[in-house]
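Structural overview
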Amino acid sequence: MQSLGLEVLFKGKNFERLMGGMWTALRISLISIAISMVLGLLLGFLMSRGNRFVRGLMRCYLEFVHIMPQMVLLFLVFFGTSKTFGWNLSGELSSVIVFSLWGTAEMSDLVRGAVTSVPKIQYESAMALGMTKGQVNLHVILPQAVRRLIPQSINLITRMIKTTSLVLMIGVVEILKIAQQIIEANRKASPNAAFGVYLTVFLMYFLLCWPVSLLAKRLEKRWG
Amino acid sequence: MKKYTVKVIAILVLLALALTSAAAEDGKVYRTLDEIKASGTINIGVFSDKNPFGYVDENGEYQGYDVYFAKRIGEDLGVAVNYVSTEAANRVEYLETGKVDIILANFTVTAERAEKVDFALPYMNVALGVVSPESRVIKDLSEIGADDQVIVISGTTAEDYLIKNNPEIKLQKYDTYANAKTALENGNAVAWANDNTEVIAFALENEGYEVGIPSLGSQDTIAPAVSKGNETLLTWINDEIVALAAENFFHADYEATLVDTYGLDYEDSLVLEGGGQAK
């Protein structure tokens, strides 16, 4: 075990620090995922229903977020806003803003796809039964759309969790940064620490993402 | 639709760019010395994973050569120090936006960077160094024969320097530190040129090697940096560095943080007191 460099994990507060880093990553992703899901559903519906102007505006927003690498968005929000508007946003707040912007864009596109994929006959039948437009959306279209959404939105959620590893570039100390700090601080005492520490990081990301996949499977089974 | 979208995006991006560049002209982003003192905290950007210059120990405390100085700055200003973890790639941005007051992250002074930030007096030297096996120590570049080869890592200042100044020397280029190390150990070349801090650490960690040329080429220096135009803070740091020379502060710093990596032999060639002026 010596050669795996696992001993550095239990030196001082190292393990506690890694867990703290995991919590930071989880906190950022949970808040942004919650915001993205709610806004994504609303905007997605708007996109599938709204007029040309709304659709065009949404299209611009979507393309912008799609084209920009997340790293650029992080720099833009963290450094750009203080250069342009003089706002001093914290690294964590900037991360939540960027991840929510990104998540909302992707989510709304998924929702739009799911809603438009519900066959037209479903609307017509529901209307024929005397339902109002709101009732049709809420009771007929939404449940079917959400079911179609599960696999892709789970994919989006796990991607968002994993991408939090970029926020170290704007000074947020999360799992990966703490791992690098531990490896470097022990460069001489345990030169092999990299393997053990990155293995632990791998397990931590797995622990964050696996429950999401499990939940998705259960939901798919129940609603499928 | 598609064409229309592209046009709109292009206009938006241009607008954003125009806004950014226009706004960057006016207003100060930094905090003056009095503002820092009044707030009770100074934000100092340091590395958190560059042992032994700036790193975090197992108790979560910042340590290292740069941090030792940062602590002293906090004490002498009478404010608490808030360490901000920076990366090599974003040090300039942190100062340009005033998100930190000082960068103390092994920041080498270059003309290019000096256009964007203000450097204070330097507190450390860096140069190139050449390490070779004890069996044949290269003490001068002229000892390298026509058939001998020298190892460099691609993209380093050592490579640039040798290509520019000694084109007659045959170079063996490697992409990573590990490969270069293996090549030297296997005797593929007579010497290895790199940053002197790197080759010194290598010679100390590996038996049978000696740094024949400890400093080669132009001497670069490492200095604290503040946001462009932050005169009050810059003056205070410069005065501080000059004042600290009286107690040989950076030698004490070296002995507390760097001696394990570089040994005592290089203390005087690496450390700068009072910005390099007479002690």
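Residues numbered from 1 in each chain as written. Chains lettered and ligands numbered in written order. Predicted model: local features only at pLDDT ≥ 70, side-chain atom pairs only at ≥ 80, totals over all residues.

**Regarding the domain arrangement of chain B**
Residue and element names in this part refer to chain B. Rule in force here: In this document the domain limits rely on a domain assignment from an automatic tool or a database. Any two residues are considered in contact once their C-beta atoms, placed from the backbone, lie within 7 Å. Polar here means any residue other than Ala, Val, Leu, Ile, Met, Phe, Trp, Tyr, Cys and Pro, which are nonpolar, and Asp, Glu, Lys and Arg, which are charged; Gly is therefore polar.
For chain B, the assigned domains read domain 1 (25-123 + 223-276) and domain 2 (126-219). On a C-alpha basis, the centroid separation for the pair domain 1 and domain 2 is 30 Å. Listed per partner, the contact involves six residues of domain 1 and seven residues of domain 2. Here the residues of the side of domain 1 that touches domain 2 are counted per class, giving two nonpolar, four polar and no charged.

**As for the confidence of the model for chain A**
Stated formally: The pLDDT value tells you how sure the predictor is about a given residue, anywhere from 0 up to 100. We count a stretch as a helix when DSSP gives it H or I for four or more residues in a row; a strand needs E for two or more, and each element gets its number in order from the N terminus.
With 98% of its residues at a pLDDT of 70 or more, chain A has an overall mean of 89. The element-level mean pLDDT for chain A is lowest in helix α2 (residues 52-67) of chain A, coming to 88, with helix α4 (residues 91-116) of chain A highest at 93.

**Structural notes on the sheet that holds strand β10 (residues 170-174) of chain B**
All names here are of chain B. What counts, and what does not: Paired strands, as defined in this entry, are two strands with at least two bridges between them according to DSSP. Angles here are taken between N-to-C directions and fall from 0 to 180 degrees, while the axes themselves are lines fitted to C-alpha atoms, restricted in helices to the stretch in contact.
Taken in spatial order, the five strands of this open sheet run β10-β9-β11-β8-β12, and their pairing is mixed. The open sheet terminates on both sides in strands that have one partner only, identified here as β10 and β12 (209-222). Recorded for the sheet is a direction-independent mean angle of 25° between the axes of neighbouring strands. Judged from the two bridges that link them, strand β9 (residues 149-153) and strand β11 (residues 191-195) form a sheet pairing that is parallel. Paired with V150 across the strands is A191, a residue of β11. In the packing of helix α7 (residues 177-185) onto the sheet, contacts are made with β9, β10 and β11, and the angle to β9 comes to roughly 160°.

**A short note on the interface of chain B and chain A**
Counting residues at the interface gives 30 residues for chain B, matched by 25 residues for chain A. If you list the elements that add at least two residues to the side of chain B that touches chain A, you get α1 (2-25), β2 (49-50), β3 (54-56), β5 (80-86) and α4 (91-96) of chain B. By residue number, the principal contributor to the side of chain B that touches chain A is α1 of chain B, which donates eight residues.

**A short note on the nonpolar core**
Inclusion rule: Take the buried Ala, Val, Leu, Ile, Met, Phe, Trp, Tyr and Cys residues, join any whose C-beta atoms are within 7 Å, and the set you get is a nonpolar core. Working definition of burial: number of other C-beta atoms within 10 Å of the residue's own, with buried at 20 or more, exposed at 12 or fewer, and partly exposed in between, all C-beta atoms being placed from the backbone.
Core analysis: the largest hydrophobic core is formed by 124 residues, its most contacted members being I44, A191 and W192 of chain B. At eleven residues, the largest contribution of residues to this core is made by α4 of chain A. In this view, W192 of chain B contacts V130, V131, I151, A180, L184 and V199 of chain B; residues no more than four positions away in its chain are not counted.

**Some thoughts on unusual backbone geometry**
Residue and element names in this part refer to chain B. Cis geometry marks the peptide bond from N51 to P52; its omega dihedral reads 5°. Tracing the backbone through its elements, the reader meets P52 in the loop between β2 and β3. Unlike most non-glycine residues, N106 shows phi in positive territory, near 50°. Among the secondary structure elements, N106 is positioned in the loop between β6 (102-103) and α5 (111-114).

**Things to note about the sheet that holds strand β4 (residues 62-63) of chain B**
Taken together, the three strands give an open sheet; going across it, the order is β2-β3-β4 (chain B), and neighbouring strands pair in antiparallel fashion. Each of the sheet's edge strands pairs with one partner strand only, and the pair in question is β2 and β4 of chain B. Sheet analysis places β3 of chain B next to β4 of chain B, joined by two bridges and oriented antiparallel. Bridge pairing in β4 of chain B links Y55 of chain B to Q63 of chain B. On top of the sheet, helix α7 (residues 175-185) of chain A reaches β2 and β3 of chain B; it is set at about 110° to β3 of chain B, its chief contact.

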